Structure formats: structure tokens, C-alpha cells
Amino acid sequence: MARQNSTAAVDRVSLSRRAALGGGLGLGLSLMAAATGLLAFPGGARGADAAQKVADHFASVKTMTGEFIQFGPNGEQTGGKFFIDRPGKLRFNYEEPSSVRVIADGKAVVIGNRKLRTWDLYPLNKTPLKLLLAERIDLSADMVRSVKEDPDLITIVLGNKSIFGDSTISLMFDPKSYELRQWTIRDAQGKDTSVMIFNVQTGVRFASNVFKVPYDQVHKRTRGGG
């Protein structure tokens, strides 16, 4: 179990926060070595190499938990704790006063509001979160929009118009450790929601109910469904 240094993590949070506010949730698929594959890959050979290193590392990280800060499209800021168990499972526990919780169980993503007693339900395979929670990062040419390698971040932008429409997810990694630092989801209206993570622990085990979706409540309380 690896635990990141808290002080360093906070420094990285400040850096990532600037990136999130200025620019606005595994992984290791071998790239095609053929010249046509490299030409089709955004960023060329260098981008392909950086993306592959990130993908290979992230493929080995199946579980993680830690803290997050979320920046909404209108500048709103919330925080809390997150839990990820790939493939397919995620949970966000937002800290008060937020009454929201987000759970993905491998099939669906549900957003619950305890105060309003409402639920929004979406098929996981129709949301960009599927790309974050996949067993492997899909580095195929039809999925990768761009790869950018900066001194402080490697950013891989993923999306597929036939599956996700105009929505994309940008995954941001440390260029030295290849650890995930942040992701930004851009919705069909071009609005960004960024999530930074820190104080991360990997290789953890979760109780069986952490990613359990209360479908009995969801079906009763889904917006528009009664």
C-alpha cells in the first residue's frame, strides 16, 4: 500500500487547481507499432510513448482511495472522499453541507441527493467515466483525442463521438511517477467539471457494500419516475 506524502500532495493540488481553473473521474493497451498507427495517434511518436507509459502504470493500479476537490463549471468547489475499484466501480462521498453521493457499480452511475430524496441514473457505458474506470486505458486511435506532455503533467484526452457524443474526459498524470492526479469531464455543452485527487492510497480492499447501488430506492425516486 503506497501513501503519498501529504505536503507534496497539497503542493500538487495548488498546481492542479490553477490548471483546472485556467483550462476549465485501467489501463495499458499496447499501441500499434506500424507507421500508420503512429501517424494516426495524436501527438505522434512522443505522445504515443508517454501515453503508453502512463497506461502501463495505471493498468497495475486496480484500487485507490483518497480525498478529492471538485471544481464545477461555474467555479463552485466541493470536496470529500473517493473510492475506485476498477473495472467499473466508483464512489464519491461529498462532505457537508453537500447532500450528494455518486456511486458506480460497474453497470450504472447513480447520483443521489439525500435532502431532495432524488436519484439520477445513467448507463456507465454511455458516460466518459467508463474510460476512467475501464480495466485498461483505451489508446486506440478512435478513442484518443490528444496527448500533451508538459513538465508538470501528462494529459490524455479521451472520447468517442459515436458513444459519448461531444463529451470527453481528460486524464492528467504525474510525468515522473505516472500516477493519476486529476481528471476533467467536458459535457456536451462544453462545460468542464474537474476532480483533483490527493492523499491517495492504492492496493486497498473495500467492504462489499461500498459500491452497492440501492436500486429499490433509485427506481422509486428517479427524477421523472415518481
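Here, every reference points to the structure presented above.
Since this is a predicted model, take the numbers as computed values, not measurements.

J.: Can you walk me through the nonpolar core in this structure?
T.: Across soluble globular proteins, nonpolar side chains have a tendency to be buried as a group. Ranked by size, the top nonpolar core spans 38 residues in total, and within it Leu132 and Trp183 carry the most contacts. Top contributing element to this core by residue count: helix H3 (residues 44–59), with 5 residues. Ile103, Val110, Val213 and Val218 belong to the second largest nonpolar core, which has 5 residues in total.

J.: What is the right way to look at the pairing of strand E6 (residues 118–123) in this model?
T.: Each regular strand shows side chains that alternate between the opposite faces of the sheet. Across 6 bridges, the pairing between strand E5 (residues 108–113) and E6 is antiparallel. Paired with asparagine 113 across the strands is threonine 118, a residue of E6. Counting the residues between successive antiparallel strands, the hairpin from E5 to E6 contains 4 residues, one of them, arginine 117, with a positive phi of roughly 55°.

J.: Any chance you could explain the environment of phenylalanine 58 here in plain terms?
T.: In this fold, phenylalanine 58 is placed in helix H3. When its relative accessible area of 2% is taken as the criterion, phenylalanine 58 is described as buried. Remark: the alpha-carbon pair of phenylalanine 58 and glutamate 135, spanning 77 residues in sequence, is separated by 9.1 Å.

J.: How should I be thinking about unusual backbone geometry in this particular structure?
T.: In most cases, non-glycine residues show a negative phi, while peptide bonds are predominantly trans. Going from arginine 86 to proline 87, the amide bond is cis rather than trans, its omega being 5°. Relative to the helices and strands, proline 87 resides in the loop between strand E2 (77–85) and strand E3 (89–94). Between glutamate 96 and proline 97 the backbone carries a cis peptide bond, its omega angle lying at 15°. Position of proline 97 among the secondary structure elements: in the loop between E3 and strand E4 (100–105).

J.: Would you mind going over the pattern of salt bridges with me for this structure?
T.: Two side chains carrying opposite charge are able to pair once their charged atoms lie near each other. Tallying each qualifying case throughout the model produces 7 salt bridges. For lysine 53, the salt bridge identified is with aspartate 49, shortest N-O distance 3.4 Å. Separated by 4 residues within a single helix, lysine 53 and aspartate 49 lie in helix H3, roughly one turn from each other. Lysine 53 gets classed as partly exposed once you look at its relative accessible area, which sits at 39%. Here aspartate 192 ties to arginine 186 by a salt bridge, and the two come within 2.7 Å at their closest N and O atoms. Using a relative accessible area of 8% as the deciding quantity, one classes aspartate 192 as buried.

What counts, and at which threshold
- Residues numbered from 1 in each chain as written.
- Predicted model: local features only at pLDDT ≥ 70, side-chain atom pairs only at ≥ 80, totals over all residues.
- Heavy atoms only, no water.
- Core = buried A, V, L, I, M, F, W, Y, C linked by side-chain atoms within 4.5 Å.
- Buried < 20%, exposed > 50% of the residue type's maximum accessible area, 1.4 Å probe, protein only.
- Helix = DSSP H or I, 4+ residues; strand = E, 2+ residues; numbered from the N terminus.
- Pairing = 2+ DSSP bridges.
- Salt bridge = Lys/Arg side-chain N within 4 Å of Asp/Glu carboxyl O.

Shape descriptors only; they carry no functional weight alone.
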